[in-house]
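# Chains, contacts and geometry: an overview
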Amino acid sequence: MNRFTPPANPLRYRPDLEEISPDEPQVAEALTETMLSIAYKTYADSAHAIRSVHAKSHGLLGATVEVLDNLPPQLAQGLFAEPATYDAVIRLSTTPGDILHDSVSAPRGMALKILDVEGERLPGSEHSRSQDFVMVNGKVFNSPSGKAFLGNLKLLAATTDRAEGLKKLISKVLRGVEGALESVGKESAPVKVLGGQPMTHMLGESFFTQVPVRFGDYIAKLGAVPASDNLKRLVDQTVKVDGDADVHRHLLEEFFETETAVWHLKAQLCTSLDEMPIEDPMALWDEEKSPYVTVATITASPQTAWSQERAETVDDGMAFSPWNGITAHQPLGQIMRMRRMAYERSAKFRSERNPIPVTEPATCPFHQSPTSVVEETGARVFP
């Protein structure tokens, strides 16, 4: 295992490092309402409530997260403070808020729910014992500010459930644009969001929180990177849709029939607010000054990668939010703060309308019969 040395003097976390603008609550409310408008549109068509973003799942996996031993003090923080093995749930998805043909390419996401984590809970997550990390296959966010993100989301909301054929055509054109950019060593997060994501195998992707979280006494961005040889072979491997609306799902099902996937869970520590700002979501932190360093491994063994029963359990019955966790991994920055209200209301929207309410699992439902925290303790359900 290639384990780099973390920076010697990472910046220590302090509550006053965040800068909250006066109009942030209003922007957060508008962002939440825009996200819910997407959910209302799709619900009106299907009578089934789905997520406002990352609506389509491609893989729903049981996994284990193993925290490495002998981590240096800067990395032995939060749930990574001691060597341990945790059960986990992984949801692999794409970003749109409507269920689209896979030829409409979009950024991919990995939502990781690590179960039975001890520690002081973030406000609003006292009903849970899990730690969520929500990651996308890009190192920076797609908008420079909360207001800009709201503007982009409104554009996407206006296209929800409309003209899938046109979306396929636009996506094909934008993939060409993105391919041209990458051929000269560049990439564009906005182009990928609008449909320019290269049509490659999802299991070859690396996923990142994009924006920082508290890392115990420090601050970090996190990433999940292919570690096993079978995943590394899939990096940048082209996928042909050939009329298959669910090609990504089918490729994951084929892979996990016989193979095990291993990712490295890595942390990149912040060393300077000037060079690695918390509040700029499009800032790329310099990996020469602070590399991503492995703190744990994520392993998913052969299993049924997707089924209708798993979709009911995870897509309907679970929520993934960076605000579901322990205070040692508090989300930081304006984009993270705005996500809190939006994710809570999205989960409540689905829970109020679907037969299966949103709950927090106490054990991995793919290792044994599902058991929820609510069933054991009477803890809070949405609503």
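Residues numbered from 1 in each chain as written. Predicted model: local features only at pLDDT ≥ 70, side-chain atom pairs only at ≥ 80, totals over all residues. Heavy atoms only, no water.

The name that an unreviewed UniProt entry assigns to the protein is Catalase family protein, with the source organism given as Rhizobium oryzicola.

Attention now goes to the overall build of the protein. Summing up its helical and strand segments, the protein has nine helices and nine strands in all. Looking at the protein as a whole, 57% of its 383 residues qualify as buried. Partitioning the contacts of the protein with sequence separation of at least 6, the portion at a separation of at least 24 is 78%. As presented, the protein carries roughly 16,100 Å² of accessible surface, and 52% of it is formed by carbon and sulfur atoms. (Helix = DSSP H or I, 4+ residues; strand = E, 2+ residues; numbered from the N terminus. Buried < 20%, exposed > 50% of the residue type's maximum accessible area, 1.4 Å probe, protein only. Contact = heavy atoms within 4.5 Å. Areas by Shrake-Rupley, 256 points an atom, 1.4 Å probe, with all protein chains shown as cover.)

Looking at the element boundaries, Gln77 is found in the loop between β1 (56-67) and β2 (84-94). Separated by 2.9 Å, the side chain of Gln77 and the backbone nitrogen of Asp217 make a polar contact. (Polar contact = N/O pair within 3.5 Å; in protein donor to acceptor, adjacent residues only side chain to side chain.)

We now examine the environment of Lys139. For Lys139, the location among the structural elements is in the loop between β4 (131-136) and α2 (146-158). Once the C-alpha coordinates of Lys139 and Leu222 are considered, the two residues, 83 residues apart in sequence, prove to be 9.4 Å apart. Side chain to side chain, Lys139 and Glu287 meet in a polar contact 2.4 Å long.

Here we come to the packing of aromatic side chains. Between two aromatic rings, the relevant description is the distance of the centres plus the angle of the planes. Summed over the entire model, instances satisfying the criterion amount to six aromatic pairs. These aromatic residues form a ring-pair network of at least three members: Tyr40, Tyr43 and Phe349. Across the ring face of Trp323, the terminal group of Arg340 is positioned such that the distance to the ring centre comes to 5.0 Å. Sitting above the plane of the Tyr43 ring, Arg353 keeps its charged end 5.8 Å from the centroid. (Phe/Tyr/Trp six-rings, centres within 6.5 Å; stacked < 30°, edge-to-face > 60°. Lys NZ or Arg CZ within 6 Å of the ring centre and 35° of its normal.)

Before going further, it helps to spend a moment on the pattern of salt bridges. Side-chain pairs of opposite charge can arise where the charged atoms are in close proximity. In the structure shown here, the tally under the stated rule is 19 salt bridges. Residue Asp217 pairs with Arg12 through a salt bridge whose shortest N-O separation is 3.8 Å. Of the two residues, Asp217 is situated in the loop between β6 (213-215) and β7 (218-226) and Arg12 in the segment before α1 (24-46); the sequence distance between them amounts to 205 residues. The class of Asp217 is partly exposed, set by a relative accessible area of 38%. On the accessibility criterion, Arg12 (48% relative accessible area) is partly exposed. For Glu29, the salt bridge identified is with Arg345, shortest N-O distance 2.9 Å. With Glu29 in helix α1 and Arg345 in helix α8 (residues 334-353), this pair connects stretches of sequence that are 316 residues apart. A single network of salt bridges, built from pairs that share partners, joins Glu18, Glu24, Glu279 and Arg337. (Salt bridge = Lys/Arg side-chain N within 4 Å of Asp/Glu carboxyl O.)

Bringing the pairing of strand β8 (residues 261-269) into the picture now. For β8, the tally of buried residues reaches eight of nine residues, placing the bulk of the element in the interior. As paired strands, β7 and β8 are joined by seven bridges and run antiparallel to one another. When the sheet's bridge partners are listed, Gly223 is paired in β8 with Lys266. (Pairing = 2+ DSSP bridges.)

In a soluble, globular protein the nonpolar side chains are often hidden away together inside. By size, the foremost hydrophobic cluster in this structure holds 74 residues, and its most contacted members are Phe80, Leu112 and Trp263. When neighbours within four sequence positions are excluded, Phe80 is seen to be in contact with Val67, Leu71, Leu75, Phe133, Phe215, Leu265, Val295, Ala296 and His329. Leu17, Ile219, Cys270 and Trp285 belong to the second largest nonpolar core, which has nine residues in total. (Core = buried A, V, L, I, M, F, W, Y, C linked by side-chain atoms within 4.5 Å.)

Phi is mostly negative for residues that are not glycine, and the peptide bonds are mostly trans. A positive phi is found at Asn70, a non-glycine position, where the angle reads about 60°. Mapping Asn70 onto the fold places it in the loop between β1 and β2. Take Asn70: its relative accessible area is 68%, and that puts it in the exposed class.

The next subject is the packing of α1 against α8. Where α1 meets α8, the axes come as close as 9 Å, and the angle between the chain directions of the two elements is 35°. The handedness of the crossing between α1 and α8 is right-handed. In contact with Glu24, Val27, Ala28, Glu29, Leu31, Thr32, Glu33, Met35, Leu36, Ala39, Tyr40 and Tyr43 of α1, α8 contributes Gln334, Arg337, Met338, Met341, Ala342, Arg345, Ser346, Phe349 and Arg353. Here the contact of α1 with α8 is composed, by residue class, of 12 nonpolar, three polar and six charged. (Axes fitted to C-alpha atoms, helices over the stretch in contact; angles between N-to-C directions. Left-handed = near helix turned anticlockwise from the far one by under 90°. Nonpolar A, V, L, I, M, F, W, Y, C, P; charged D, E, K, R; others polar.)

Looking now at the packing of α1 against α2. Between α1 and α2, the shortest axis-to-axis distance is 10 Å and the interhelical angle comes to 15°. Viewed along their axes, α1 and α2 adopt a mutual orientation that is roughly parallel. Seen from above, α1 lies across α2 with left-handed handedness. Facing Val27, Ala30, Leu31, Thr34, Met35, Ser37, Ile38 and Lys41 of α1, the residues of α2 in contact are Gly146, Lys147, Phe149, Leu150, Leu153, Lys154, Ala157 and Ala158. Residues belonging to the contact of α1 with α2 are distributed by class as follows: 10 nonpolar, three polar and three charged. (Parallel < 35°, antiparallel > 145°, perpendicular 65-115°, else oblique.)

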